[in-house]
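# What the coordinates show
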Amino acid sequence: MNLRPLLAVFLIITVGIVASLLLFPTLSAHSGPPDVTTTDTPTIDPSVPAPYQGTKADPSVVIQVGTTGNGLPIQVWNDSPMNQTVSVELVHNDSDSSVVTRTETLPPNGTLWLEIPSPGYLLTVTDESTQTTGTYPVTTDHFDCNSRFAEIRIDSNGTVDSRTVSTSVGC
């Protein structure tokens, strides 16, 4: 019996598996949540959709998840005439780990900005004064369009609500 053909098949399969794990890290057991960067001196892309342009102050903090430049921008907005303290937590669903946990005091009309690279996250926003919590799952629907923007609004009563704006062209 000639073992060379079997050995050749085994080698080809082994090389294919190793190459797949190196080229596609999501298949690897070592894949986890992306890195997170935070800046207190943000520069925001001026292409924010029209309903939001110029209506709120520049964000006090920008949190960039991963290294993408074309993710889902989410603005947490204090729609109140007084300072509000909000807590945000972003959970990476695949690893079930929290990649962002932050508490921020936002001035009236103040914002906090998050840039999410892909679906598979759950954002929780809590108004600390009322302990009202809102959740915002980041799903594949948010990435089907060319332009997208989400806003989570905390009003003076502590109500936390959200909406998403996206283009219908290219969806």
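Residues numbered from 1 in each chain as written. Predicted model: local features only at pLDDT ≥ 70, side-chain atom pairs only at ≥ 80, totals over all residues. Heavy atoms only, no water.

## Focus on the confidence of the model for the protein chain
On average, residues of the protein chain score 76 in pLDDT, and 69% of them reach the 70 mark or higher. Low pLDDT, under 50, characterises residues 50-54; the stretch is placed with six contacts to residues that sit more than four places away or in other chains. (pLDDT = per-residue confidence, 0-100. Contact = heavy atoms within 4.5 Å.)

## What to know about the sheet that holds strand S5 (residues 97-106)
What holds strands together in a sheet is hydrogen bonding between their backbones, with the strands either parallel or antiparallel. Ordered by their spatial adjacency, four strands build an open sheet running S5-S4-S7-S8, and the pairing between neighbours is antiparallel. The open sheet has two edge strands with one neighbour each: S5 and strand S8 (132-138). On average, each strand axis in the sheet is inclined to that of its neighbour by 15°, with strand direction left out of account. Pairing between strand S7 (residues 121-127) and S8: seven bridges, direction antiparallel. Within the sheet, the bridge partner assigned to Asp127 lies in S8 and is Thr132. (Pairing = 2+ DSSP bridges. Helix = DSSP H or I, 4+ residues; strand = E, 2+ residues; numbered from the N terminus. Axes fitted to C-alpha atoms, helices over the stretch in contact; angles between N-to-C directions.)

## Details of the pattern of salt bridges
In this structure the tally under the stated criterion is three salt bridges. Residues Glu104 and Arg102 are paired through a salt bridge, measuring 2.9 Å at the closest nitrogen-oxygen approach. On the basis of relative accessibility, which here comes to 14%, the residue Glu104 falls in the buried class. Judged by its relative accessible area of 24%, Arg102 is partly exposed. (Salt bridge = Lys/Arg side-chain N within 4 Å of Asp/Glu carboxyl O. Buried < 20%, exposed > 50% of the residue type's maximum accessible area, 1.4 Å probe, protein only.)

## Quick look at the pairing of strand S6 (residues 111-116)
For S6, the tally of buried residues reaches six of six residues, placing the bulk of the element in the interior. Of the two faces of S6, the one lined by Thr111, Trp113 and Glu115 and the one lined by Leu112, Leu114 and Ile116 are each fully buried. Pairing of strand S2 (residues 61-65) with S6, which is carried by four bridges, proceeds in the parallel orientation. For Gln64, the partnering residue across the bridge sits in S6 and is Glu115.

## A closer look at the environment of Asp155
Inspection of the secondary structure assignment puts Asp155 in strand S9 (residues 148-155). When the C-alpha positions of Asp155 and Asn109 are compared, they lie 9.9 Å apart, and in sequence the two are 46 residues distant. In this structure Asp155 touches Asp79, Ser80 and Gln84, once residues within four positions along its chain are discounted. A distance of 2.9 Å separates a polar side-chain atom of Asp155 from the backbone nitrogen of Thr159. (Polar contact = N/O pair within 3.5 Å; in protein donor to acceptor, adjacent residues only side chain to side chain.)

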